Amino acid sequence: MENVIAQTISFVKETLATAEAGHDWFHIERVYKTAQNINRVEKADDLIVALAALLHDIADSKFNNGDEEIGPQKAGDFLEKIGVDPNVINEVKLIIKNLSFKASLGDVSYSSPELNVVQDADRLDAIGAIGIARAFTYGGFKNRVLYNPDVKPNLHMSKEEYKNTTAPTINHFYEKLLLLKSLMKTDTGRALAEKRHDFMLAYLDQFYAEWEGEK
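Quick notes on the rules
- Per chain, the residues get numbers from 1 upward, laid out in the order the sequence is written.
- Under the rules for a predicted model, residues below a pLDDT of 70 receive no local features and side-chain atom pairs below 80 are neither given nor counted, while totals for whole chains, interfaces and linings still include all residues.
- With hydrogens and water set aside, each side-chain value is computed from the structure's full complement of heavy atoms.
- For helices the rule is a DSSP run of H or I covering at least 4 residues; for strands it is a run of E covering at least 2, with both sets numbered from the N terminus onward.
- Based on C-alpha atoms, the radius of gyration is set beside the globule rule, defined as 2.2 Å times the residue count to the power 0.38.
- Exposure categories follow from relative accessible area, calculated using a 1.4 Å probe and restricted to protein chains: below 20% of the type maximum is buried, above 50% is exposed, and the middle band is partly exposed.
- Residues are treated as being in contact if the distance between any of their heavy atoms lies within 4.5 Å.
- Each accessible area value is a Shrake-Rupley result obtained with a 1.4 Å probe; residue values ignore everything except the protein chains displayed when judging cover.
- His is not counted, nor are the chain ends; Lys and Arg add positive charge and Asp and Glu add negative charge.
- One atom stands in for each charge, and that atom is NZ of Lys, CZ of Arg, CG of Asp or CD of Glu.
- A helix is expected to span 1.5 Å for every residue after the first.
- The axes used here are C-alpha line fits, helices contributing only the stretch in contact, and every angle between their N-to-C directions lies in the interval 0 to 180 degrees.
- An angle below 35 degrees is read as roughly parallel, one above 145 as roughly antiparallel, one from 65 to 115 as roughly perpendicular, and any other as oblique.
- Left-handed describes a crossing whose near helix is turned anticlockwise from the far helix by less than a right angle; the clockwise case is right-handed.
- The residue classification treats Ala, Val, Leu, Ile, Met, Phe, Trp, Tyr, Cys and Pro as nonpolar and Asp, Glu, Lys and Arg as charged. All others, Gly included, are polar.
- Whenever a carboxyl oxygen of Asp or Glu lies within 4 Å of a side-chain nitrogen of Lys or Arg, that contact is scored as a salt bridge.
- Ring geometry is summarised as follows: Phe, Tyr and Trp rings, the Trp one being its six-membered ring, pair when their centres sit within 6.5 Å, and such pairs are stacked at plane angles under 30 degrees, edge-to-face over 60 and tilted between the two.

Help me understand the overall build of the chain in this model?
Regarding its fold elements, the chain presents ten helices and zero strands. Along the chain direction, N to C, the helices and strands of the chain fall in the order α-α-α-α-α-α-α-α-α-α. Over its C-alpha trace the chain gives a radius of gyration of 17 Å, about what one expects of a compact globule, namely 17 Å for 215 residues. Over its C-alpha atoms, taken along the principal directions, the chain stretches across nearly 60 × 35 × 30 Å. Within the chain, the proportion of its 215 residues that are buried is 46%. Sequence separation of 24 or more characterises 67% of the internal contacts of the chain that already satisfy a separation of 6 or more. With an accessible surface of roughly 11,300 Å², the chain has 50% of that area assigned to carbon and sulfur atoms. Computed over 25 positive and 33 negative side-chain charges, the inter-centroid distance for the chain is 2 Å.

Looking at this structure, how should I read helix 6 (residues 113-124)?
An α-helix turns once per 3.6 residues; consequently, residues spaced three or four apart project the same way. Taking 1.5 Å per residue as the helical rise, helix 6 with its twelve residues ought to reach 16 Å, and the 17 Å between its terminal C-alpha atoms agrees with that figure. Summarising burial for helix 6: ten of the twelve residues are buried, a large majority. If you check which residues of helix 6 are buried, you get E114, L115, V117, V118, Q119, D120, A121, D122, R123 and L124. Against the buried residues of helix 6 lie helix 2 (25-42), helix 3 (46-55), helix 5 (86-98) and helix 10 (187-211).

Explain the packing of helix 4 (residues 70-81) against helix 5 to me, please; I cannot follow it from the model alone.
Axes are the key here: two packed helices are described by the angle between their axes and the distance separating the axes. Relative to each other, helix 4 and helix 5 sit at 160 degrees, their axes nearing to 9 Å. In terms of orientation, helix 4 and helix 5 fall into the roughly antiparallel class. Pair helix 4 / helix 5 crosses with right-handed handedness. Mapping the contact onto sequence places G71, P72, Q73, A75, G76, L79 and E80 in helix 4 and I89, V92, K93, I96 and K97 in helix 5. Taken together, the residues of the contact of helix 4 with helix 5 break down into six nonpolar, three polar and three charged.

I'm lost on the environment of S182 in this one. Help?
With respect to the helices and strands, the residue S182 is situated in the loop between helix 9 (169-175) and helix 10. Given a relative accessible area of 62%, S182 falls into the exposed group. Each C-alpha atom, one on S182 and one on A193, is 8.8 Å from the other, the two residues being eleven residues apart in sequence.

Can you help me understand the packing of helix 1 (residues 2-15) against helix 3 in this one?
Running from N to C, helix 1 and helix 3 cross one another at 10 degrees; their axes reach a closest spacing of 10 Å. Comparing their axes, helix 3 and helix 1 come out roughly parallel. In this structure, helix 1 contributes V4, I5, T8, I9, F11 and V12 to the contact, and helix 3 contributes L47, A50, L51, L54 and L55. Looking at side-chain class alone, the contact of helix 1 with helix 3 contains ten nonpolar, one polar and no charged residues.

It is not clear to me how the pattern of salt bridges should be interpreted in this structure. Could you clarify?
It is possible for side chains bearing opposite charge to pair when their charged atoms get close. Taken as a whole and judged by the stated rule, the model has six salt bridges. We note a salt bridge from R134 to D125, for which the minimum N-O separation is 3.6 Å. Overall, D125 belongs to the buried group, its relative accessible area being 4%. Salt bridges here are not isolated pairs; linked through shared partners, they connect R30, D125 and R134.

Looking at this structure, I do not really get the packing of aromatic side chains. What am I missing?
Aromatic ring pairs are described here by two measures, namely the spacing of the ring centres and the angle between the planes. Scanning the model with the defined rule gives twelve aromatic pairs in all. Measuring from centroid to centroid gives 6.2 Å for Y138 and F141, while their planes differ by 25 degrees, and the two rings are stacked. One end of the pair, Y138, and the other, F141, are both in helix 7 (residues 128-141), three residues apart, so they sit about a helical turn from each other. What makes Y138 buried here is its relative accessible area of 14%. Put simply, the rings of F136, Y147, F173, Y203, F207, Y208 and W211 pair up and form one aromatic cluster.

Before we go on, may I ask you to explain unusual backbone geometry in this structure?
Across the chain, the bulk of peptide bonds are trans and the bulk of non-glycine residues have phi less than zero. At K43, a position not held by glycine, the phi torsion is positive, near 60 degrees. Within the secondary structure, K43 sits in the loop between helix 2 and helix 3. On the basis of relative accessible area, K43 is assigned to the exposed category, the value being 65%. Phi at N143 is positive, roughly 60 degrees, even though this residue is not glycine.

In structure tokens form, the structure reads like this:
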């Protein structure tokens, strides 16, 4: 297992060497560490959790013309190349395919303890101090405005609307980030999400006060 993990880490580092800062190796490393932390309690399959966490953003659809199959396929091809068990590969591909927030806006028929662990870890990295930094990093990458009071959050987006939104970054807090606490699947995930969620609420209070020149 250690050799497989080491090879996977090298592959991911090399593949994401020029990735957008919110979806780079350091994001992967944080999710990997958090997933391991959660799994100490959940006791899901260690290898599947580790590989899915390491490979979950190997080819994120939003950087690949919306193609939701390229990520699972690229991960599967790599794991097959290094001789990982086909059953493990299949589970990792299913987790990657069903992991994202936008995936939950469509029809999801797959579930597993391993998906719960990795999904919570990934969602935790989308909230709190780092989540805020990542949101504005991606917003800048897409040249989105920080905030526009005239553009209200869309709280009932379809999957396609979510994929194609160009809304201000602040809207993303209401359309995704503030929803994640209630979507955590594990006890550890829920506990970690509480403090990060509260930090985002405090940040928004400060943001609006500064926007109005009050603080």
